[in-house]
Amino acid sequence: MPSTPADPHNFKRRGVLFVLSSPSGAGKSTIARLLLADEPELDMSVSATTRPIRAGEVAGRDYHFVDIEEFRRMVAEDEFLEWAHVFGHRYGTPRAQVEAMLAAGKDVLFDIDWQGAQQLFQIAGGDVVRVFIFPPSMEELRSRLSKRATDVPEVIDARMARAANEVSHWDGYDYVLVNDDVERCFAGVKTILAAERLKRSRQTGLIGFIRKLTR
Ligand code: ADP
Ligand code: 5GP
């Protein structure tokens with residue numbers, strides 16, 4: 001990995017599996033977009049889902065849109081790192097792309113819910129960093145969902161009904177942030193990623209450096 005101002009010595013290290021979760025509408029896609037544009041060493045895991053494509057979404061970029069038979073086949077053939085039922089549809093993280101990104105020396109960003117974060121942590125423990133984003137209030141959450149204008153009112157009601165349940169899983173995360181101001185929240189997420197990249201336990205290349213240092 002090339003060195004960055006926050007990681008000047010560029011020791012070889014294990015990739016970070018960086019999970020962003022929030023109730024729908026709190027702003028995790030916004031933060032994820034900013035992060036991907038700003039962090040060349042970070043790649044997005046594109047999930048597979050059985051939910052219908054929304055206006056503005058691009059197949060293969062936002063999700064791999066698959067039918068229920070294909071999703072079941074992928075589950076049966078153990079092609080998912082994790083998968084879950086969300087909002088009456090199924091969502092899963094294809095294993096192969098994550099492995100390819102890590103092998104290419106990238107960190108991987110996941111926009112998955114608490115069930116996914118839990119499963120990923122169970123599999124990959126120390127490599128996983130879990131960040132939960134709160135909305136400043138439930139009123140503001142509803143307002144953002146309405147302004148986003150991608151869902152009909154019944155779907156917004158369903159997302160609001162689920163939001164309290166999502167929030168109740170906050171204690172399964174390593175970091176929590178409030179997205180009242182996008183720039184401030186983004187700065188917080190970048191700080192977390194920078195610090196996690198510097199963790200001793202990830203820096204497998206440190207050993208060679210220390211041998212030379214103490215020889
Ligand atoms: P999520 O991915 O969590 O469902 P989005 O990133 O799509 O949420 O954000 C939902 C809506 O709220 C979008 O229209 C987005 O532009 C807006 N938004 C995100 N963060 C903020 C913020 N801090 N203040 C105001 N609006 C925001
Ligand atoms: P949406 O339909 O709004 O794109 O996503 C709904 C929810 O599903 C979000 O909370 C999102 O984080 C979650 N999600 C998306 N992909 C996955 C996945 O692969 N696994 C899990 N567990 N959740 C996912």
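Note that the coordinates shown come from a computational prediction; the quantities given were computed from them, not determined experimentally.

### Observations regarding unusual backbone geometry
Okay, so step 1: For Asp78, which is not glycine, the phi dihedral falls at a positive 60°.
Okay, so step 2: Secondary-structure assignment places Asp78 in the loop between helix 2 (68–76) and strand 5 (80–86).
Okay, so step 3: Here Phe87, not a glycine, exhibits a phi torsion of approximately 50°, which is positive.
Okay, so step 4: You can see Phe87 is positioned in the loop between strand 5 and strand 6 (89–94).

### Quick notes on the pattern of salt bridges
Okay, so step 1: This model, assessed by the stated rule, comprises 21 salt bridges.
Okay, so step 2: Notably, a salt bridge pairs Glu196 with Arg202, separated by 2.9 Å at the nearest N-O pair.
Okay, so step 3: The exposure class of Arg202 is buried, given its relative accessible area of 2%.

### Some words on the site of ligand 2
Okay, so step 1: By nearness alone, 17 residues border ligand 2, and Ser47, Arg51, Tyr63, Tyr91 and Asp111 come closest of all.
Okay, so step 2: Separating an oxygen atom of ligand 2 from a backbone N or O atom of Gly92 is a distance of 3.3 Å.
Okay, so step 3: Here an oxygen atom of ligand 2 and a side-chain polar atom of Thr93 are 3.4 Å apart.
Okay, so step 4: Expressed as a share of its isolated accessible area of 510 Å², the protein-covered part of ligand 2 is 95%.
Okay, so step 5: Its residues placed into classes, the shell around ligand 2 shows 6 nonpolar, 4 polar and 7 charged.

What counts, and at which threshold
Residues numbered from 1 in each chain as written. Chains lettered and ligands numbered in written order. Predicted model: local features only at pLDDT ≥ 70, side-chain atom pairs only at ≥ 80, totals over all residues. Heavy atoms only, no water. Helix = DSSP H or I, 4+ residues; strand = E, 2+ residues; numbered from the N terminus. Salt bridge = Lys/Arg side-chain N within 4 Å of Asp/Glu carboxyl O. Buried < 20%, exposed > 50% of the residue type's maximum accessible area, 1.4 Å probe, protein only. Near = heavy atom within 4 Å. Polar contact = N/O pair within 3.5 Å; in protein donor to acceptor, adjacent residues only side chain to side chain. Areas by Shrake-Rupley, 256 points an atom, 1.4 Å probe, with all protein chains shown as cover. Nonpolar A, V, L, I, M, F, W, Y, C, P; charged D, E, K, R; others polar.

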